[in-house]
Each structure stands twice: as structure tokens, then as C-alpha cells.
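# Results of the structural survey
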Amino acid sequence: MISLKDKTVLVTGGAQGIGKGLARACLQEGANVFITNLDKEIARKTIKELSNLGNIVAINCDATNETAVDEMLDQVWDAAGTIDVVFCNAGAGSMQPILETSLADVRTQFAINYDACIYLTTSYVNRMLKSQQMGHIMFTGSEHSLALPQGSESLAMSIYAGTKHALLAFAEWLRNELEDTAISVSMLLPGPVKTERLANTFELLDQDPNDKELRKRFSVEAEEALRSRFISPELCANIALKGLKANLFFIPVQSHIKEDILKRHEEIINAFSILDLD
């Protein structure tokens, strides 16, 4: 895909964070953009902020409700026709140690970060196959899809990481199953991005570096790692579009992720040697 000009784009979770960055970047390229968000007021503010860049419409949709997802796609199809690119971006993070996480919390995380992607994918891909149109779906994964990020071990993001690992496996299998179709797949793999939530956390830590409640979740080491690595949602989105245009499946966003991948790779290769499986 060379250009997004006059293309129809859907960004789930598009009113904040990475999603808002993707919406902005697509508008700047001349795309017609639809975003989804659960919070109508936040969506309204985003539309007001970005509407001067081009055509953008917000649809209220619960990504974890399969029927609601189908109805949302019906709305987009009725208004604009075929969706050329879907950014399956809506998601949420949770920071709890494994042994302190309830099964209900685990199921909630997977419902938002994994099940919702299946609902959107199934509805979108079946429509595209039926119409025999060319399309693309990009999933927002994470550096946690690939490895445990060094320096972030104290953040207790095991369940979140599990959802993003699962999403990577799903995307790889989807790419394989769609190999002989006109629908392509990619996986965005960002490290820390300075979303509104992370920016607010940093502001609170700037005001009180010894805040006990925050320090339960953010050790000094983890804070330093995040601050040294985070990028803006806009830069993340620009890299995402660069990867899309290059027809990449894996789209890493920061250079430090490579070190984490190599560390995991070396440990696995070493295991083969120890077990005489070379």
C-alpha cells in the first residue's frame, strides 16, 4: 500500500493514545477516518481537535460485544463502503502480580485485548472475502508480545503480556490463512508510548517521587526505563504507517526491543545445545 489518500480507515480505540496518533497520521495522509471509543466525551474532544485535518467520524462501540462490533462495521460500510485498513487498536493494561490476580481479572483482560480482536477480525475479513476487495488489518501488540522487557520486570504486567503474546500468535496464523487472499495482516509492536495515562503518571511522580501508592507499581528502575524509552503516539503512528507501506508483518517501534528479542533467542538456542539437539 503506497498511499492512504482517499482510503477509508477504521481505528478502534482511536480517541486516545496510540489510536489517536494513528487517526491523526491517517488524516494527514488524506484518509477518511472512523474511530471507536466507549467514552463519548473523550471522542467528542478528539473529533473537535482532529476535524481540521480531514474527514473523521466517531462511533461509540464496546469492542468486547460481538453484536456491537458487527453493528459498528455496518455503520461504517453504509457511510463509506469498503474499509481499506483496519487498525485493531482498542486495548487496556493491568498491573497486578500473577498470584494476586483473580480469574475474573484475567478474563476481563483477555476479553478486551484478545477476544475483541477476534470479533473485529471475523466480521471484517468475512465481509472483505465476500466482496473480493483488497484490505489490511493491523493489530496493536506490544513489546510484551515478544519478550519480557528488561528494566520493566517490576511492573507486574504478566496477564497483559499474556494477552499480547496470544494476539501475536493469532495474527501469525491469520496471516497464514489469508496468504492466498487480497487481505494482508501486520502486527504493531510498540514499547512505552507516552499516552495520556502514562503522561499523567509521570506528572504525579514529578510532583512526589516518593508517592507510596505509585511506587508500589512503578519502581525507580522501571520509571527510569520507561522515561528513557517512551515515544509520542504521533511517532509511533508514523512508524506504523511506514511499516504498512513497506508490507511488513512485524512492525517494531523502538530499538531497545531488539535486545530483548535477542536475549530470549539466545536462551532458547542455548537450551537446544544443552539438550544435544543441535
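Now for a description of the structure that goes with this document. (Residues numbered from 1 in each chain as written. Predicted model: local features only at pLDDT ≥ 70, side-chain atom pairs only at ≥ 80, totals over all residues. Heavy atoms only, no water.)

## Looking at the pairing of strand E5 (residues 135–140)
Burial analysis of E5 places six of its six residues in the buried class, which makes it a mostly covered element. Here E5 shows a buried face lined by Gly135, Ile137 and Phe139 and a second buried face lined by His136, Met138 and Thr140. Of the strand pairs in this sheet, strand E4 (residues 85–88) and E5 are connected by four bridges, and their pairing is parallel. For Val85, the partnering residue across the bridge sits in E5 and is His136. In terms of handedness, the path from E4 via helix H4 (residues 103–131) over to E5 forms a crossover that is right-handed. Relative to strand E6 (residues 183–189), E5 is paired through six bridges, and the arrangement is parallel. The partner of Met138 across the bridge, within E6, is Ser186. In this fold, the crossover linking E5 to E6 by way of helix H5 (residues 158–177) has right-handed handedness. (Buried < 20%, exposed > 50% of the residue type's maximum accessible area, 1.4 Å probe, protein only. Helix = DSSP H or I, 4+ residues; strand = E, 2+ residues; numbered from the N terminus. Pairing = 2+ DSSP bridges. Right-handed = clockwise from strand over helix to strand, strands pointing away.)

## Details of the pattern of salt bridges
With the rule as written, the count across this model stands at eight salt bridges. Residues Arg127 and Asp70 are paired through a salt bridge, measuring 4.0 Å at the closest nitrogen-oxygen approach. Of this pair, Arg127 sits in helix H4 while Asp70 sits in helix H3 (residues 66–80), and the two are 57 residues apart along the sequence. Judged by relative accessible area, which is 31%, Asp70 ranks as partly exposed. Across the salt bridge formed by Asp206 and Arg227, the nearest N and O atoms sit 2.9 Å from each other. Taken as a pair, Asp206 in helix H6 (residues 196–207) and Arg227 in helix H8 (residues 220–229) lie far apart in primary sequence, 21 residues in all. Classification of Asp206 by relative accessible area gives exposed; the value is 52%. Connected through shared salt-bridge partners, Lys20, Arg24, Glu49 and Glu234 make up one network. (Salt bridge = Lys/Arg side-chain N within 4 Å of Asp/Glu carboxyl O.)

## Quick look at the environment of Gly81
With respect to the helices and strands, Gly81 occurs in the loop between H3 and E4. Sequence-wise, Gly81 and Thr8 are 73 residues apart; in three dimensions their C-alpha atoms are separated by 8.1 Å.

## Structural notes on the packing of aromatic side chains
Applying the stated criterion across every chain yields a total of five aromatic pairs. Measuring from ring centre to ring centre gives 5.8 Å for Phe139 and Phe170, while their planes differ by 75 degrees; the resulting arrangement is edge-to-face. Here Phe170 lies in helix H5 and Phe139 lies in strand E5, a separation of 31 residues in the sequence. Of the residues examined, Phe170 reaches a relative accessible area of 18% and is grouped as buried. Following the ring pairs from residue to residue traces out a cluster consisting of Phe110, Tyr114, Phe139 and Phe170. Lying over the aromatic face of Trp77, Arg127 brings its terminal NZ or CZ to 5.4 Å of the ring centre. (Phe/Tyr/Trp six-rings, centres within 6.5 Å; stacked < 30°, edge-to-face > 60°. Lys NZ or Arg CZ within 6 Å of the ring centre and 35° of its normal.)

## As for the sheet that holds strand E7 (residues 250–252)
Ordered by their spatial adjacency, seven strands build an open sheet running E3-E2-E1-E4-E5-E6-E7, and the pairing between neighbours is parallel. The outermost strands of the open sheet, each flanked by one partner alone, are strand E3 (56–60) and E7. Neighbouring strand axes in the sheet, compared pairwise and without regard to direction, differ in orientation by 20 degrees on average. Set on the sheet, helix H2 (residues 40–50) makes contact with strand E2 (32–37) and E3; between it and E3 the angle comes to about 175 degrees. (Axes fitted to C-alpha atoms, helices over the stretch in contact; angles between N-to-C directions. Contact = heavy atoms within 4.5 Å.)

## Topic: empty space enclosed by the protein
Following the criterion strictly, the structure yields one cavity of 30 Å³ or more and no others. If you add up the space inside the largest cavity, you get close to 80 Å³. In terms of lining, the largest cavity is formed by Thr12, Thr36, Cys61, Ala63, Val69, Met72, Cys88, Ala90, Ile112, Ala116, Cys117 and Leu120. Of all the elements in the fold, those that place two or more residues in the lining of the largest cavity are H3 and H4. Here the element with the most residues in the lining of the largest cavity is H4; it accounts for four residues. (1 Å grid on protein atoms, 1.4 Å probe; cavity = no way out; pocket = protein on both sides within 12 Å on 5 of 7 lines; lining within 4 Å. Points joined across faces, edges and corners; volume = space filled by probe spheres on them.)

## Brief notes about unusual backbone geometry
The phi dihedral of Ala156 is positive, around 55 degrees, even though this residue is not glycine. Examined against the element boundaries, Ala156 turns out to sit in the loop between E5 and H5.

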